[in-house]
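# Observations on the three-dimensional arrangement
So the chains spell out like this:
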Amino acid sequence: MRLLVLLSLISVLTIAGGSTNEATLLAFKAGLSSRTLTSWNSSTSFCNWEGVKCSRHRPTRVVGLSLPSSNLAGTLPPAIGNLTFLRWLNLSSNGLHGEIPPSLGRLQHLRILDLGSNSFSGAFPDNLSSCISLINLTLGYNQLSGHIPVKLGNTLTWL
């Protein structure tokens, strides 16, 4: 009986995790202007959407989001910080602007972040020092200002 209850709980948590990641991706899409995200709809699993990579071990968890040169426009939606298993994020060469949202600091598994060649502005995002797994950061060709946190400078490869 306990095994049955445990298996049921695992199934519910797996489904909840998947719907959370799907809802986050849909919030991300809703916050942007793009004609290239047409595959992002309920007709297929979100793990099959353009630019989305899910974990092999946890198939309902998004581990990668790669949409370079995808004609994305607008501000980067804070919902992106809810993809807590994200290991790489590449949104380079798009029309993104405004500040980099503090919610990116919640991405502790993030290893690669490429937001280069956009129009981000404001202070350099101090919250990125909370991304303890970050090893590669590309923010060039934006209008960011301010100092680079010392914590980041010791662990990153800068591009």
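Scroll up to find the structure this text is about.
All values derive from a computational prediction rather than experimental measurement.

Once that is clear, we can look at the overall build of the protein. Scanning the protein for helices and strands turns up two helices and ten strands. Reading the helices (α) and strands (β) of the protein from amino to carboxyl end gives α-β-β-β-β-β-β-β-β-β-α-β. Each of the 159 residues in the protein was classed as buried or not, and the buried ones make up 40%. Expressed as a percentage of contacts within the protein between residues at least 6 apart in sequence, the contacts between residues at least 24 apart total 47%. With an accessible surface of roughly 8,600 Å², the protein has 58% of that area assigned to carbon and sulfur atoms.

Here four strands make up an open sheet; going across it, the order is β3-β5-β7-β9 and the pairing parallel. Two strands bound the open sheet, and with one partner strand each, they are β3 (73-75) and β9 (143-145). Looking at each pair of strands side by side, their axes are set apart by 20 degrees on average, direction ignored. Pairing of β3 with strand β5 (residues 95-98), which is carried by three bridges, proceeds in the parallel orientation. Each residue of the ladder has a partner; that of Thr75, found in β5, is His97.

Applying the stated criterion across every chain yields a total of one disulfide. For Cys47, the disulfide goes to Cys54, at an S-S distance of 2.1 Å. In this structure the cystine formed by Cys47 and Cys54 twists about its S-S bond by roughly -90 degrees; its chirality is therefore left-handed.

Right, let's talk about the nonpolar core for a bit. Among the nonpolar cores identified, the biggest contains 34 residues, and Phe28, Leu65 and Leu104 are the most heavily contacted of them. Listing elements by their share of this core, those giving two or more residues are α1 (2-30), β1 (52-54) and β2 (62-66). When residues no more than four places from it in sequence are discounted, the contact partners of Leu104 are Leu76, Ile80, Leu89, Leu113, Leu115, Asn127, Leu128 and Cys131.

We now examine the pairing of strand β7 (residues 119-123). Sheet topology places β5 next to β7; two bridges connect them, and they run parallel. Each bridged residue has a counterpart across the sheet, and for Gly98 the counterpart in β7 is Phe120.

As a further point, take the packing of aromatic side chains. Taken as a whole and assessed by the stated rule, the structure comprises three aromatic pairs. When the centroid spacing of 5.9 Å and the interplanar angle of 35 degrees are considered together, the rings of Phe28 and Trp40 count as tilted. Placement of Phe28 in helix α1 and of Trp40 in the loop between α1 and β1 is noted, with a sequence separation of twelve residues between them. Given a relative accessible area of 1%, Phe28 falls into the buried group. The exposure class of Trp40 is buried, given its relative accessible area of 1%. Between Phe46 and Trp49, the aromatic rings sit 6.3 Å apart at their centres with planes inclined by 70 degrees, giving edge-to-face as the arrangement. A relative accessible area of 2% places Trp49 in the buried class. Among the aromatic residues, ring-to-ring pairing joins Phe28, Trp40, Phe46 and Trp49 into one connected group.

Rules used throughout
Residues numbered from 1 in each chain as written. Predicted model: local features only at pLDDT ≥ 70, side-chain atom pairs only at ≥ 80, totals over all residues. Heavy atoms only, no water. Helix = DSSP H or I, 4+ residues; strand = E, 2+ residues; numbered from the N terminus. Buried < 20%, exposed > 50% of the residue type's maximum accessible area, 1.4 Å probe, protein only. Contact = heavy atoms within 4.5 Å. Areas by Shrake-Rupley, 256 points an atom, 1.4 Å probe, with all protein chains shown as cover. Pairing = 2+ DSSP bridges. Axes fitted to C-alpha atoms, helices over the stretch in contact; angles between N-to-C directions. Disulfide = S-S within 2.5 Å. Core = buried A, V, L, I, M, F, W, Y, C linked by side-chain atoms within 4.5 Å. Phe/Tyr/Trp six-rings, centres within 6.5 Å; stacked < 30°, edge-to-face > 60°.

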